[in-house]
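One-letter residues, chain by chain:
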Amino acid sequence: MRVHIFGCSGSGKTWLSEKLAAKYNIPHFDLDTIFWDHSQNAYGMKMLAEKRDELLNDILKQENWIIEGVYYSWLSRSFEKADKIIVLDIPKRVYQYRIVKRFLKRKVGIEKGKRESLKSVRALLKWTDQFQSNSFPETLQMIKPYSEKTIVLTSRKAVNNFILRT
């Protein structure tokens, strides 16, 4: 099973990938871990494209995988090799609520993850809105050749039903 999950920040990509990975006992990969260079001391340093592509190719060589992320422009091989492409097209009010909720949970230590600032969360909300307006439609065009293996989910209920059906 090879699954590529795509959606904006706060759409539920990580949650869905973790559920599917547990259900089928296969590895899942967050594209943030190969897009951003976490070995650098500075926040927001991108991985060199050659290294990022090498890491992606290592994942794609595996028999089973779940890849999730917001990225698309450098992922044509992932879309091509996936058995299923799951697009999370979640309403604006939902992804905004989830982004703020995640920030608050991390701020008080309930959830582990990056320690964003209020400024960075505002920037993420703005970026996500722009992404949904501009890049999301581009991605839908990019994956159009794979429509027979693409599933678009637009609500938490649809996501839960998908998990039950697969």
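As a starting point, this report considers the structure included with it.

Quick notes on the rules
- Residues numbered from 1 in each chain as written.
- Predicted model: local features only at pLDDT ≥ 70, side-chain atom pairs only at ≥ 80, totals over all residues.
- Heavy atoms only, no water.
- Helix = DSSP H or I, 4+ residues; strand = E, 2+ residues; numbered from the N terminus.
- Rg over C-alpha atoms; globule rule 2.2 N^0.38 Å.
- Buried < 20%, exposed > 50% of the residue type's maximum accessible area, 1.4 Å probe, protein only.
- Contact = heavy atoms within 4.5 Å.
- Areas by Shrake-Rupley, 256 points an atom, 1.4 Å probe, with all protein chains shown as cover.
- Lys, Arg positive; Asp, Glu negative; His and termini not counted.
- Charge placed at Lys NZ, Arg CZ, Asp CG, Glu CD.
- Pairing = 2+ DSSP bridges.
- Salt bridge = Lys/Arg side-chain N within 4 Å of Asp/Glu carboxyl O.
- Axes fitted to C-alpha atoms, helices over the stretch in contact; angles between N-to-C directions.
- Parallel < 35°, antiparallel > 145°, perpendicular 65-115°, else oblique.
- Left-handed = near helix turned anticlockwise from the far one by under 90°.
- Nonpolar A, V, L, I, M, F, W, Y, C, P; charged D, E, K, R; others polar.
- Polar contact = N/O pair within 3.5 Å; in protein donor to acceptor, adjacent residues only side chain to side chain.
- 1 Å grid on protein atoms, 1.4 Å probe; cavity = no way out; pocket = protein on both sides within 12 Å on 5 of 7 lines; lining within 4 Å.
- Points joined across faces, edges and corners; volume = space filled by probe spheres on them.

Quick notes on the overall build of the chain
Helices and strands together make up the secondary structure of the chain, namely eight helices and five strands. What you see for the chain is a C-alpha radius of gyration of 16 Å, in line with the 15 Å of a compact globule of 166 residues. Dimensions of the chain, computed from the C-alpha atoms along their principal axes, are close to 40 × 40 × 35 Å. Out of the 166 residues in the chain, the part that is buried amounts to 39%. Counting only contacts in the chain whose residues sit at least 6 apart along the sequence, the fraction spanning at least 24 positions is 73%. Surface summary for the chain: the accessible area is close to 9800 Å², and the carbon and sulfur share equals 53%. Taken as two groups, the 30 positive and 18 negative side-chain charges of the chain have centres that lie 8 Å from each other.

Remarks on the pairing of strand S4 (residues 84-88)
Across the five residues that make up S4, a large majority, four, are buried. With five bridges joining them, strand S1 (residues 2-7) and S4 adopt parallel strand pairing. Looking at S4, one finds that His-4 is bridged to Ile-85. One ladder, built from four bridges, connects S4 with strand S5 (residues 150-153); its direction is parallel. Following the sheet pairing, Ile-86 is matched in S5 by Ile-151.

Section: the pattern of salt bridges
Under the defined criterion, the tally for this structure stands at four salt bridges. Here Arg-52 and Asp-53 are joined by a salt bridge, their closest N and O atoms 3.1 Å apart. Arg-52 sits in the buried class, given a relative accessible area of 12%. Looking at Asp-53, the relative accessible area reads 30%, which means it is partly exposed.

Remarks on the pairing of S1
Of all six residues that make up S1, five are buried, and the element is covered over most of its length. In this sheet, strand S3 (residues 65-69) lies alongside S1 in parallel orientation, the contact comprising five bridges. The residue bridging Arg-2 from the neighbouring strand is Trp-65, located in S3.

Some points on the packing of helix H1 (residues 13-24) against helix H8 (residues 156-165)
The interhelical angle for the contact between H1 and H8, taken along N-to-C directions, is 15°, at an axis separation of 11 Å. When the interaxial angle is binned, H1 and H8 end up roughly parallel. Judged by the sense of rotation from one axis to the other, the crossing of H1 with H8 is right-handed. Note on element contacts: H8 touches H1 through Arg-156, Val-159, Asn-160, Phe-162, Ile-163 and Leu-164, opposite Trp-15, Leu-16, Lys-19, Leu-20 and Lys-23. Grouping the amino acids of the contact of H1 with H8 by side-chain chemistry returns seven nonpolar, one polar and three charged.

Re the environment of Arg-2
Considering the arrangement of structural elements, one finds Arg-2 in strand S1. Separated by 26 residues in the primary sequence, Arg-2 and His-28 place their C-alpha atoms 9.7 Å from one another. Dropping the residues within four chain positions of it, Arg-2 is found in contact with Gln-62, Glu-63, Asn-64, Trp-65, Lys-81, Ala-82, Asp-83 and Lys-84. Reaching out from Arg-2, the side chain makes a polar contact with the backbone oxygen of Lys-81 at a distance of 2.9 Å.

Thoughts on empty space enclosed by the protein
Going through the model one piece at a time under the given rule, you end up with one cavity of 30 Å³ or more. Looking at the lining of the largest cavity residue by residue, the classes come out as five nonpolar, three polar and two charged.

Some thoughts on the sheet that holds S4
Across a sheet, strands are paired by hydrogen bonds formed along the backbone, either parallel or antiparallel in direction. Taken together, the five strands give an open sheet; going across it, the order is S2-S3-S1-S4-S5, and neighbouring strands pair in parallel fashion. What marks the edges here is a single partner per strand, and that holds for strand S2 (28-30) and S5. Geometrically, the sheet is characterised by an average inter-axis angle of 20° between neighbouring strands, direction not taken into account.

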